[in-house]
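Residues per chain, in single letters:
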Amino acid sequence: MNEATATLERALSLLVVFLLLAATVVPLGRLFGRPFGPAAADEAAAARPDTAVLAALGLSGARLTPAGTDLWAVTSAAGDDAGTLAGSRSRAADVTGFAGPTPVYVYINKEGRVAGVAPGLHAETPAVFRHVEDEGFLRSWNGLTPAEARARQVDAVSGATYTSQALARNVGAALEAYAAAPATEPAPGDGADAFTQMAALVVVVFGVGVALAARSNRRLRLIVLVLNVGVTGFWCGEYLSVSLLRSWLAEGADVARHLPAVVMLAVSLVLAFLKRPNHYCTWICPLGSLQELAYRLPGPKLHLPPRAFRAMERIRLGVLALLLLALWMGVGAEVLDYEPFAAFRPAAAPWPVLLLAGAFVVLGVFVPRPWCKMLCPLGELFRLSCDAGRKS
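Please read all numbers here as calculations on a predicted model, not as lab measurements. (Residues numbered from 1 in each chain as written. Predicted model: local features only at pLDDT ≥ 70, side-chain atom pairs only at ≥ 80, totals over all residues. Heavy atoms only, no water.)

## Let's talk about the overall build of the chain
Then step 1. Each helix and strand in the chain was counted, giving 16 helices and 7 strands.
Then step 2. Here the C-alpha radius of gyration of the chain, 23 Å, is about what a compact globule of 392 residues would show, namely 21 Å.
Then step 3. Over its C-alpha atoms, taken along the principal directions, the chain stretches across nearly 70 × 40 × 40 Å.
Then step 4. Put simply, the chain has 392 residues, and 48% of those count as buried.
Then step 5. In the chain, once contacts between residues fewer than 6 apart in sequence are set aside, the share between residues at least 24 apart is 70%.
Then step 6. Within the structure as shown, the chain displays about 17,900 Å² of accessible surface, and the carbon and sulfur contribution to it stands at 64%.
Then step 7. Mean positive and mean negative side-chain charge positions of the chain (34 and 30 charges, respectively) differ by 13 Å. (Helix = DSSP H or I, 4+ residues; strand = E, 2+ residues; numbered from the N terminus. Rg over C-alpha atoms; globule rule 2.2 N^0.38 Å. Buried < 20%, exposed > 50% of the residue type's maximum accessible area, 1.4 Å probe, protein only. Contact = heavy atoms within 4.5 Å. Areas by Shrake-Rupley, 256 points an atom, 1.4 Å probe, with all protein chains shown as cover. Lys, Arg positive; Asp, Glu negative; His and termini not counted. Charge placed at Lys NZ, Arg CZ, Asp CG, Glu CD.)

Pasting the structure below:
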């Protein structure tokens, strides 16, 4: 196989993977931040929250900057990043209470937790709506992470069943908008300042240099792993995930906000064309690096035969296939909230994520990179997009 054919195969593989992932955003009705299909007709219904909504959320004087459909970045009166405001109007236009639509606005603070829910313009009976508010219904999501809030089952308010059920569905729609947006996902680059972004970029560049010029140097390899975990992971909170890539496809990538993650992806794809496949998984991913460091700890090791690792690869492919199938059908998006990469931001990560990540790190003491080899759908996407033409 000549070099031109191999390059073409790699390009086609990358295109196929892109199309497979792009198909998962069809149920969202948006591609790169632009509505299409039925969602395009709903775009005009999206409304900026008024001063009463901002006051109810304790955001009087705050400045809102559009960050996507029904999404606004919140800047405090002092000029500081204050989080994100998500609305439900476009995503829940067909959800009605007793008298009509009941849109809401959900405020997620900069710590990545729900800080308030406020109703938008609605036609519900004032007495019924006051009853819902007096019961503390809208406050029941406060303090939760977006993932926890989306999973929360809230009982309807007696005497206001239709209204409270509609409000709950609208809260879910607003949180769905938040989860789909790269600028608000509690993951890579969210709120990172220029200094932490530069630190992450330096680590990425250093890792590329070691991979290209001194990949057999064990001491430098160890330094790269430690930097990936300590700097890129826990300090900067920078990493790639299926959730992030999907949100970029749906809402577009905010390059300034996610510069290190964009560079990680670009470097990995470029190196794949230079016959350096899986660079992200091997040289950048903080979770993969943490598992490798765990395997270096003293203790008994399980030396699995090659067929066991081949079986793990088949399991990983099956996990990716099931995930893509669910997303194509418009279900299962909440599973992406539990990718273990989010554990590098422990203050915002749901406790199941922390347990899952911890379990695989502990298992990594005995088996090399168990999450990477057996379950990681992101790693499988990279393999599918980079492996073609490797034997040229």
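## Observations concerning the pairing of strand 7 (residues 114-119)
Then step 1. The buried count for strand 7 comes to 5 of 6 residues, which makes it a mostly enclosed element.
Then step 2. Examined bridge by bridge, strand 6 (residues 104-108) and strand 7 share 5 bridges and lie antiparallel to one another. Within strand 7, the position partnered with V104 by the bridge is P119.
Then step 3. As consecutive antiparallel partners, strand 6 and strand 7 are separated by 5 residues, and within that stretch G112 has a phi angle of approximately 80°, a positive value. (Pairing = 2+ DSSP bridges.)

## Considering a nonpolar patch on the surface
Then step 1. Taken together, the side chains of L8, L12, L15, F18, L19, L31 and F32 define a hydrophobic patch exposed on the protein surface, amounting to about 650 Å² of accessible area.
Then step 2. Top element by residues in the nonpolar patch is helix 1 (residues 3-22). It accounts for 5 residues.
Then step 3. Within the element layout of this structure, L19 appears in helix 1.
Then step 4. L19 gets classed as partly exposed once you look at its relative accessible area, which sits at 49%. (Patch = residues over 30% accessible without salt bridge, like charges linked within 9 Å, V, L, I, M, F, W, Y side chains within 5 Å. Salt bridge = Lys/Arg side-chain N within 4 Å of Asp/Glu carboxyl O.)

## A closer look at empty space enclosed by the protein
Then step 1. Under the criterion given, the structure shown has 4 cavities of 30 Å³ or more.
Then step 2. Empty space within the second largest cavity amounts to approximately 110 Å³.
Then step 3. Taken together, the elements giving at least two residues each to the lining of the second largest cavity come down to helix 6 (161-180) and helix 9 (242-251). (1 Å grid on protein atoms, 1.4 Å probe; cavity = no way out; pocket = protein on both sides within 12 Å on 5 of 7 lines; lining within 4 Å. Points joined across faces, edges and corners; volume = space filled by probe spheres on them.)

## Some words on the sheet that holds strand 3 (residues 63-68)
Then step 1. Pairing is antiparallel in the open sheet, where 5 strands are placed in the order 3-4-5-6-7. Two strands close off the open sheet at either side, each with one partner strand: strand 3 and strand 7. Sheet twist, expressed as the average angle between the axes of neighbouring strands with direction ignored, equals 25°.
Then step 2. Where strand 5 (residues 81-87) lies against strand 6, 4 bridges are found, and the strand directions are antiparallel. Along strand 6, the bridge assignment pairs L85 with Y107. (Axes fitted to C-alpha atoms, helices over the stretch in contact; angles between N-to-C directions.)

## As for the environment of V25
Then step 1. Here V25 is to be found in the loop between helix 1 and strand 1 (30-31).
Then step 2. Distance in space between the C-alpha atoms of V25 and G330 is 8.3 Å, their sequence separation being 305 residues.

## Thoughts on the environment of L363
Then step 1. Within the element layout of this structure, L363 appears in helix 14 (residues 351-363).
Then step 2. As for L363 and V242, which are separated by 121 residues in sequence, their C-alpha atoms are 23 Å apart.

## Some words on the packing of helix 13 (residues 306-328) against helix 16 (residues 377-386)
Then step 1. Helix 16 packs onto helix 13 with a crossing angle of 100° between their chain directions and a minimal axis gap of 9 Å. It follows that helix 13 is roughly perpendicular to helix 16 by the angle criterion. Each of E313, R316, L317, L320 and L323 in helix 13 lies in contact with helix 16, whose residues at this interface are P377, G379, E380, L381, R383 and L384.
Then step 2. Considering only residue class, the contact of helix 13 with helix 16 consists of 6 nonpolar, 1 polar and 4 charged. (Parallel < 35°, antiparallel > 145°, perpendicular 65-115°, else oblique. Nonpolar A, V, L, I, M, F, W, Y, C, P; charged D, E, K, R; others polar.)

## Focus: helix 10 (residues 259-273)
Then step 1. For helix 10, with 15 residues, the first-to-last C-alpha span of 21 Å sits near the 21 Å given by 1.5 Å per residue.
Then step 2. Buried within helix 10 we find P260, A261, M264, L265, S268, L271 and A272. Buried positions in helix 10, seen along its axis, are confined to an arc of 140° and lie on one side of it.
Then step 3. Two residues or fewer past helix 10, K275 is found with a positive phi of approximately 65°. (Expected span 1.5 Å × (residues − 1). Arc of directions from axis to C-beta.)

## So, the packing of aromatic side chains
Then step 1. Scanning the model with the defined rule gives 7 aromatic pairs in all.
Then step 2. A ring pair is formed by W72 and Y105, whose centres lie 6.1 Å apart and whose planes are at 55°; its orientation type is tilted. One end of the pair, W72, is in strand 4 (residues 71-75); the other, Y105, is in strand 6, with 33 residues separating them in the sequence.
Then step 3. Residue classification places Y105 among the buried residues on the basis of a relative accessible area of 4%. (Phe/Tyr/Trp six-rings, centres within 6.5 Å; stacked < 30°, edge-to-face > 60°.)

## Thoughts on the pairing of strand 4
Then step 1. For strand 4, a buried count of 4 out of 5 residues is recorded, marking the element as mostly surrounded by other parts of the structure.
Then step 2. Bridge count for strand 3 against strand 4 is 5 bridges, and the pairing is antiparallel. Its bridge partner lying in strand 4, P66 is registered against W72.
Then step 3. The hairpin formed by strand 3 and strand 4 contains 2 residues between the paired strands, and D70 there has a positive phi angle of roughly 60°.
Then step 4. The pairing of strand 4 with strand 5 spans 5 bridges and is classified as antiparallel. What sits directly across from W72, in strand 5, is L85.
Then step 5. Here strand 4 folds back onto strand 5, and the loop between the two strands holds 5 residues, one of which, G79, carries a positive phi near 90°.

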